[in-house]
Amino acid sequence: MRHRARTTTAWLVGWSAVGLASTVHAQDLELTAHMTGRTLPAEYYALIARDPGFFTVKRGWGERAAAARARRAAVTGALSVAVVQALFGDSPSPAIPVS
């Protein structure tokens, strides 16, 4: 019985985290760092303090989806996404090889 309660609790916590992750901005990085036992560089927190939306995409699919909902239309088209991988100056060495 105890095992079943723990399993149910784990599933509820897991699905709650998934639901919250989709609604909370810029938390995935912090959550990942917490889950892996790493600390984020001080500069990350300085950036967030200066501009809480710094890591938030401002003109992407969300904006298109809101406009489409207002028109009661489907979201269509292509959206280019630039991916820039970077490390802060005081970041630890990456856990995966980089070139």
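Residues numbered from 1 in each chain as written. Predicted model: local features only at pLDDT ≥ 70, side-chain atom pairs only at ≥ 80, totals over all residues. Heavy atoms only, no water.

## A short note on the overall build of the protein chain
Scanning the protein chain from terminus to terminus reveals four helices and zero strands. Along its sequence from the N terminus, the protein chain presents helices and strands in the succession α-α-α-α. Here the protein chain holds 99 residues, and the buried ones make up 11% of them. Put simply, 32% of the contacts in the protein chain that link residues at least 6 apart link residues at least 24 apart. For the protein chain, the computed accessible surface area is about 8,800 Å², with 61% contributed by carbon and sulfur atoms. (Helix = DSSP H or I, 4+ residues; strand = E, 2+ residues; numbered from the N terminus. Buried < 20%, exposed > 50% of the residue type's maximum accessible area, 1.4 Å probe, protein only. Contact = heavy atoms within 4.5 Å. Areas by Shrake-Rupley, 256 points an atom, 1.4 Å probe, with all protein chains shown as cover.)

## Remarks on helix α3 (residues 42-50)
Among all positions of α3, only Tyr44, Leu47 and Ile48 are buried. For α3, the angular spread of buried residues about the axis comes to 95°, placing them on one side. Turned more than 90 degrees from where α3 packs its buried face, Ala42, Ala49 and Arg50 sit exposed. (Arc of directions from axis to C-beta.)

## A look at the pattern of salt bridges
Here the structure, examined in full by the defined rule, presents one salt bridge. Where Arg50 meets Glu43, a salt bridge forms, and the shortest distance between an N and an O atom there is 3.2 Å. Given the relative accessible area of 57%, Arg50 is considered exposed. (Salt bridge = Lys/Arg side-chain N within 4 Å of Asp/Glu carboxyl O.)

## Remarks on the packing of aromatic side chains
Taken as a whole and assessed by the stated rule, the structure comprises three aromatic pairs. Aromatic pair Tyr44 and Tyr45: ring centres 5.1 Å apart, planes at 80°, arrangement edge-to-face. Aromatic side chains Phe54 and Phe55 sit 4.9 Å apart centroid to centroid with 80° between the ring planes, which places their arrangement in the edge-to-face category. Taken together through their ring pairs, the aromatic side chains of Tyr44, Tyr45, Phe54 and Phe55 make up a single cluster. (Phe/Tyr/Trp six-rings, centres within 6.5 Å; stacked < 30°, edge-to-face > 60°.)

## Here's the deal with the environment of Arg38
Mapped onto the elements of the fold, Arg38 is located in the loop between α2 (27-36) and α3. Separated by 54 residues in sequence, Arg38 and Pro92 have C-alpha atoms that sit 9.1 Å apart. Setting aside anything within four residues of it in sequence, one finds Arg38 in contact with Ala33, Pro92, Ser93 and Ala95.

## Here we look at the confidence of the model for the protein chain
Atom-level detail of predicted coordinates should not be read off regions where pLDDT is low. Of the residues in the protein chain, 71% reach a pLDDT of 70 or more, and the chain-wide mean stands at 75. Within the protein chain, no element has a lower average pLDDT than helix α1 (residues 2-21), which sits at 54, and none a higher one than α3, at 92. Note that pLDDT drops below 50 for residues 18-26; the model gives that stretch three contacts with residues more than four away or on any other chain. (pLDDT = per-residue confidence, 0-100.)

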